[in-house]
Amino acid sequence: MSDNQHTFEAYFKRAVSPVIVLSVLKERPMYGYEISAAVRERSGGRYTLSVMYPILDSLMAGGYIVEHETIIVNGRARRYYAVTSAGKEYLKQVVDDFERLSDVFHALTQEDGDHEEE
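From a predicted model like this one, the values you see are computed outputs, not experimental measurements. (Residues numbered from 1 in each chain as written. Predicted model: local features only at pLDDT ≥ 70, side-chain atom pairs only at ≥ 80, totals over all residues. Heavy atoms only, no water.)

Draft legend 1. Expanded view of unusual backbone geometry. Positive phi outside glycine occurs at Asn-74, with the angle close to 50 degrees. If you trace the backbone, Asn-74 turns up in the loop between β2 (65-73) and β3 (76-83). (Helix = DSSP H or I, 4+ residues; strand = E, 2+ residues; numbered from the N terminus.)

Draft legend 2. Structural context of the packing of helix α1 (residues 8-25) against helix α2 (residues 32-42). Taken N-terminus to C-terminus, the directions of α1 and α2 make an angle of 95 degrees; their axes are 10 Å apart at the nearest point. Taken together, the axes of α1 and α2 are roughly perpendicular relative to one another. The residues of α2 that touch α1, namely those facing Ile-20, Val-21, Ser-23, Val-24 and Leu-25, are Ile-35, Ala-38, Val-39 and Arg-42. Here the contact of α1 with α2 is composed, by residue class, of 7 nonpolar, 1 polar and 1 charged. (Axes fitted to C-alpha atoms, helices over the stretch in contact; angles between N-to-C directions. Parallel < 35°, antiparallel > 145°, perpendicular 65-115°, else oblique. Contact = heavy atoms within 4.5 Å. Nonpolar A, V, L, I, M, F, W, Y, C, P; charged D, E, K, R; others polar.)

Draft legend 3. Highlighting helix α4 (residues 85-108). Taking 1.5 Å of rise per residue, 24 residues should cover 34 Å, and α4 covers 35 Å from first to last C-alpha, within 8% of that figure. Among all positions of α4, only Gly-87, Leu-91 and Val-94 are buried. Buried residues along α4 sit in contact with α1 and β3. (Expected span 1.5 Å × (residues − 1). Buried < 20%, exposed > 50% of the residue type's maximum accessible area, 1.4 Å probe, protein only.)

Draft legend 4. Region of interest: the sheet that holds β3. Spatially, 3 strands are ordered β1-β3-β2 in an open sheet, and the strand pairing comes out antiparallel. The open sheet is flanked by β1 (30-31) and β2, the only strands paired with a single partner. Across the face of the sheet, helix α3 (residues 52-61) comes into contact with β2 and β3 while running at roughly 135 degrees to β2. (Pairing = 2+ DSSP bridges.)

Draft legend 5. How the structure looks around the packing of aromatic side chains. Counted by the stated rule, this structure contains 4 aromatic pairs. Considering the side-chain rings of Phe-8 and Phe-12, the 6.1 Å spacing of their centres and the 25 degrees angle between planes classify their relative orientation as stacked. Placement of both Phe-8 and Phe-12 in helix α1 is noted, with a separation of 4 residues, approximately one turn of the helix. The exposure class of Phe-8 is exposed, given its relative accessible area of 63%. For the ring pair Tyr-64 and Tyr-90, a centre distance of 4.3 Å and an interplane angle of 15 degrees mean the geometry is stacked. (Phe/Tyr/Trp six-rings, centres within 6.5 Å; stacked < 30°, edge-to-face > 60°.)

Draft legend 6. Just the pattern of salt bridges, in detail. Taken as a whole and assessed by the stated rule, the structure comprises 6 salt bridges. Put simply, Glu-67 and Arg-79 hold a salt bridge, and the shortest N to O gap is 3.4 Å. Note that Glu-67 is positioned in strand β2 and Arg-79 in strand β3, a separation of 12 residues in sequence. A relative accessible area of 41% places Glu-67 in the partly exposed class. As a salt-bridge pair, Asp-97 and Arg-100 come within 3.4 Å of each other at their nearest N and O atoms. (Salt bridge = Lys/Arg side-chain N within 4 Å of Asp/Glu carboxyl O.)

Draft legend 7. Geometry of α1. For α1, which comprises 18 residues, the first-to-last C-alpha distance of 26 Å matches the rise-based estimate of 26 Å (1.5 Å per residue) to within 8%. Considering bend angle alone, the principal kink of α1 is centred on Val-16 and spans about 45 degrees; proline Pro-18 follows within four residues of it. Of the residues making up α1, those classed as buried are Ala-10, Val-16, Ser-17, Val-19, Val-21, Leu-22, Val-24 and Leu-25. Buried residues belonging to α1 abut β1, α2, α3, β2, β3 and α4. (Bend = angle between axes of the 7 residues up to and from the residue.)

Written out as structure tokens, the structure reads:
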């Protein structure tokens, strides 16, 4: 596929971006740019969040994050977000699901001679 928006990597990033945001926010409340910078830093620049605010809006609508506080810095509002207990539970469930599905994916994509026998 030549269209970068239709690659496996693009689909994967869209699917896991909310989980990545929750994972970053579980440490402490952060504002949008700070979340993006943390993701970029942790991934060594390999992963960026280009649509941060729709992700945050969706997580808020699901009850997984809340607006923690808003601080004015240099005349601009920084809205800080924090993970809720429901968000922490959801994050744990999704990570568990991902690990299970990743194992299944790996097993299904092994070449005949490459799979481990139990």
